[in-house]
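Below are the chains, spelled out letter by letter.
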Amino acid sequence: MTNIVKQQYPRMTKLRSVTTDSHQSLDDKVMSFKPFDSNENYIKFLNFQYRLMAKVAPLYQSKQLISVFNDLTSRCRLDYLKQDLRDFKQSISTVENNELNALSLPAAIGWLYVIEGSKLGAAVLAKQVGKLDLSDEFGARFLAGPSNGRGSAWREFMKSVESVNLSEQEEETMLEGALNAFNFAHTCIDNGLEQA
Ligand code: HEM
């Protein structure tokens, strides 16, 4: 982030800085697993992404969040992930996600930051799908960017995050929400991806 971006997006800057370490170690865990080295690895990686996305699915239907992010329902990637799993004849498990409905608005924004931000990382991963003959029509639908481009979708998201009125205490709750979301992603990986 440049200094100008930091000034324009102070809340996004905080979200990024408190989660940088957790993001880096998550990124390292995923890459050390070598998701694109074999179909077997990739399917485990897909299952990890599915568990994460199924967990957060209620956020994309949340009225309080839709009042802030008005294109929210179209941002959800759960259906793409289900289709990707079906491409590989994988069963779709049920994920308990009721507690996500109970999050306060600031905490929910923190969670959403982590999931929407992961689409930036998806751009890096999408470059590797050719190795396994995957595409946005088979097995890697969820990694494709939106039709209006990832950069534009991310900028809109950042603007909306900055636009919400939050007290200092609520901002802390938002940051905790983001850390909790990263912790949840770590748990999914630790329980689901054995080292290759
Ligand atoms: C191997 C896997 C991953 C790679 C290679 C990766 C890589 C990246 C890259 C290159 C960016 C853009 C940084 C920038 O614009 O300067 C990014 C942003 C981000 N990623 Fe990841 N990522 C990965 C996995 C994940 C996962 C699993 C999550 C969350 C569950 C995640 C959450 C985020 C967030 C929240 C941001 C936004 C950071 C910001 O505020 O600018 N990433 N990632």
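From a predicted model like this one, the values you see are computed outputs, not experimental measurements. (Residues numbered from 1 in each chain as written. Predicted model: local features only at pLDDT ≥ 70, side-chain atom pairs only at ≥ 80, totals over all residues.)

Asks: Help me understand the overall build of the protein, please; the structure alone is not making it clear to me.
Replies: The secondary structure content of the protein amounts to 10 helices and zero strands. Each helix and strand of the protein, placed in order from N terminus to C terminus, yields the pattern α-α-α-α-α-α-α-α-α-α. Relative to the compact-globule value of 16 Å for 196 residues, the protein shows a C-alpha radius of gyration of 16 Å, a close match. Counting only C-alpha atoms and orienting by the principal axes, one finds that the protein spans roughly 45 × 35 × 30 Å. Relative to its 196 residues, the protein shows a buried fraction of 27%. Expressed as a percentage of contacts within the protein between residues at least 6 apart in sequence, the contacts between residues at least 24 apart total 80%. (Helix = DSSP H or I, 4+ residues; strand = E, 2+ residues; numbered from the N terminus. Rg over C-alpha atoms; globule rule 2.2 N^0.38 Å. Buried ≥ 20, exposed ≤ 12 C-beta atoms within 10 Å, placed from the backbone. Contact = placed C-beta atoms within 7 Å.)

Asks: Can you walk me through helix α10 (residues 168-192) in this structure?
Replies: Residue pairs spaced three or four apart in an α-helix point in one direction, given the helix's 3.6 residues per turn. Taking 1.5 Å of rise per residue, the 25 residues of α10 would be expected to cover 36 Å, and the 36 Å separating its terminal C-alpha atoms lies within 8% of that figure. Where α10 is buried, its residues meet α2 (10-32), α3 (39-56) and α8 (105-126). (Expected span 1.5 Å × (residues − 1).)

Asks: Can you walk me through α3 in this structure?
Replies: The end-to-end C-alpha distance of α3, which contains 18 residues, comes to 26 Å, matching closely the 26 Å that a straight helix rising 1.5 Å per residue would cover. Within α3, burial applies to Y42, L46, F48, Q49, Y50, R51, L52, M53, K55 and V56. In this structure, the buried side of α3 is in contact with α6 (78-87), α7 (98-101), α8 and α10.

Asks: Teacher, can you tell me more about the environment of I115 here?
Replies: Structurally, the position occupied by I115 is in helix α8. Along the backbone, I115 and I43 are 72 residues apart, and their C-alpha atoms lie at a distance of 20 Å. Leave out the neighbours within four places in its chain, and I115 touches V56 and A181.

Asks: I would appreciate a short explanation of the site of the ligand in the present structure.
Replies: With respect to spatial proximity, 16 residues lie near the ligand, and among them R16, V30, G117, S118 and G121 are the closest. Elements supplying a minimum of two residues to the shell around the ligand: α2 and α8. Counting residues per element, the shell around the ligand draws most heavily on α2, which supplies eight residues. Of the residues contributing to the shell around the ligand, the split by class is 10 nonpolar, four polar and two charged. (Near = placed C-beta within 6 Å. Nonpolar A, V, L, I, M, F, W, Y, C, P; charged D, E, K, R; others polar.)

Asks: Honestly, the packing of α3 against α6 in this entry has me stumped. Any pointers?
Replies: The description of two packed helices rests on the angle between their axes and on the distance between the axes. Where α3 meets α6, the axes come as close as 10 Å, and the angle between the chain directions of the two elements is 150°. With respect to α6, the axis of α3 lies roughly antiparallel. The hand of the α3/α6 crossing is left-handed. Contacts between α3 and α6 pair L46, Q49, Y50, M53 and A54 from the former with L78, L81, D84 and L85 from the latter. Of the residues assigned to the contact of α3 with α6, the class counts are seven nonpolar, one polar and one charged. (Axes fitted to C-alpha atoms, helices over the stretch in contact; angles between N-to-C directions. Parallel < 35°, antiparallel > 145°, perpendicular 65-115°, else oblique. Left-handed = near helix turned anticlockwise from the far one by under 90°.)

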